[in-house]
Amino acid sequence: MTLIVSEEIQVALDARQPVVALETTIVSHGMPWPQNLETAVEVEAIVRAGGAVPAAIAVLDGRIRVGLDRASLERLARSEDTLKLSRADLAYGVMSGKPGATTVAATMIVAARAGIRIFATGGIGGVHRGAESSFDVSADLTELAQTDVIVVAAGAKALLDLPKTLEVLETRGVPVIGYRTDVFPAFWSRDSGLAAPIRLDHAGEIAAFAQAHGALALGGGILIANPVPAEDEIPAAEMTAHIDAAHRDSIAAGVTGKAVTPFLLDAILKHSRGRSLKTNIALVRNNARLAAEIAAAFAAGPDG
Ligand code: PSU
Ligand code: MN
């Protein structure tokens, strides 16, 4: 098998100690250098401070790796030609031998194979604006519908069509849980104006929910929507202008396929003059903290 789990992570998993999976597309395609590497390193420290072992996932030298050292993270962060790997291209990442970062979908697949149940990220992919003609719906949603991993995210980016994204999640049977919120968060902003389908206020309740979900053998993931801290948020009204401008840029540039999300993130960074990046970093850190807490609650639970 091409899956290589670091010794520290394997020991923790065997002892049923808390482990938190981390994606790497956010490093290679989601943030600019050097904030991408700084954030990746900080996020690992936050997971450790929360009593869990961080498990960053990527494909390097034809092997799927669970647990990356700093040099590997730096390689992904610096390289201009790191592949963005989702379910459709994970095998290409392995056979080509090229460095590849994993999206939410691919990270879920690998985490589940390694036996990791909790995963922290920034935001998930979703239904893009204009999807009724472009058919651009992220494979993250399909993965959430079928792979048993709890994904902690700050909701979905308001550059997506959020009502359609929530509809698809509901149709595909994915539980969406607002953490200490009644509204679904919109990544940079705490409030999308849409209701969170379920609300839970404590990590222990989330672990209990996941256990009930597992006991029913429903299969598939669970999305924990954790709003960005109030002091770091950019209000939705302010983001709208940047998002609309980024959309116009992407239509003018004719961007399609997997290039769309990285293009939009970069355009928003420029239109917000770097402000969106500060908020992005804050929400990823916040998600790492909560994921470690949920992983610890799991480890302490009845089947932990
Ligand atoms: N959101 C971010 N930064 C990111 C991504 C999402 O703020 O880097 C990445 C994640 O890896 C996510 C992917 O899984 O983009 C979704 O891409 P697509 O829309 O092409 O499925
Ligand atoms: Mn897409």
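Up top you'll find the structure we're talking about.
Residues numbered from 1 in each chain as written. Chains lettered and ligands numbered in written order. Predicted model: local features only at pLDDT ≥ 70, side-chain atom pairs only at ≥ 80, totals over all residues. Heavy atoms only, no water.

Draft legend 1. Representation of the environment of glutamate 38 in the model. Topologically, glutamate 38 is positioned in helix 3 (residues 35-49). For glutamate 38, a relative accessible area of 45% gives the class partly exposed. Between the alpha carbons of glutamate 38 and phenylalanine 187 there is a distance of 20 Å; along the sequence they are 149 residues apart. (Helix = DSSP H or I, 4+ residues; strand = E, 2+ residues; numbered from the N terminus. Buried < 20%, exposed > 50% of the residue type's maximum accessible area, 1.4 Å probe, protein only.)

Draft legend 2. Broad picture of the site of ligand 1. In the vicinity of ligand 1 there are 15 residues, among which Glu23, Lys84, Ser138, Lys157 and Thr261 approach most closely. Here an oxygen atom of ligand 1 and a side-chain polar atom of aspartate 140 are 2.7 Å apart. Sorting the residues of the shell around ligand 1 by element identifies helix 2 (25-30) and helix 12 (260-271) as the ones contributing at least two each. The leading source of residues in the shell around ligand 1 is helix 2, at 3 residues. (Near = heavy atom within 4 Å. Polar contact = N/O pair within 3.5 Å; in protein donor to acceptor, adjacent residues only side chain to side chain.)

Draft legend 3. Up close: the packing of helix 3 against helix 13 (residues 275-300). The interhelical angle for the contact between helix 3 and helix 13, taken along N-to-C directions, is 20 degrees, at an axis separation of 9 Å. It follows from the interaxial angle that helix 3 and helix 13 lie roughly parallel. Classified by chirality, the crossing of helix 13 by helix 3 is right-handed. On helix 13, the residues touching Gln35, Thr39, Glu42, Val43, Ile46 and Val47 of helix 3 are Leu277, Ile281, Val284, Arg285, Ala288, Arg289 and Ala292. Tallied by class, the residues present in the contact of helix 3 with helix 13 amount to 8 nonpolar, 2 polar and 3 charged. (Axes fitted to C-alpha atoms, helices over the stretch in contact; angles between N-to-C directions. Parallel < 35°, antiparallel > 145°, perpendicular 65-115°, else oblique. Left-handed = near helix turned anticlockwise from the far one by under 90°. Contact = heavy atoms within 4.5 Å. Nonpolar A, V, L, I, M, F, W, Y, C, P; charged D, E, K, R; others polar.)

Draft legend 4. Looking closely at the side chain of serine 189. Along the chain, serine 189 falls in the loop between strand 9 (176-179) and strand 10 (198-200). On the basis of relative accessible area, serine 189 is assigned to the buried category, the value being 3%. Among all residues touching serine 189, those that are not within four sequence positions of it are Val228, Glu233, Ile234, Pro235, Ala236 and Met239.

Draft legend 5. Seen up close, the pattern of salt bridges. Under the criterion given, the structure shown has 13 salt bridges. The partner of aspartate 244 in a salt bridge is arginine 129, and the shortest N-O contact between them spans 3.0 Å. Pair noted here: aspartate 244 is in helix 11 (residues 236-253) and arginine 129 is in the loop between strand 7 (118-120) and helix 7 (131-134), with a separation of 115 residues, a long-range link. Overall, arginine 129 belongs to the partly exposed group, its relative accessible area being 33%. The network of salt bridges with common partners includes Glu132, Asp161 and Lys164. (Salt bridge = Lys/Arg side-chain N within 4 Å of Asp/Glu carboxyl O.)

Keep in mind these numbers describe shape, not what the thing actually does.
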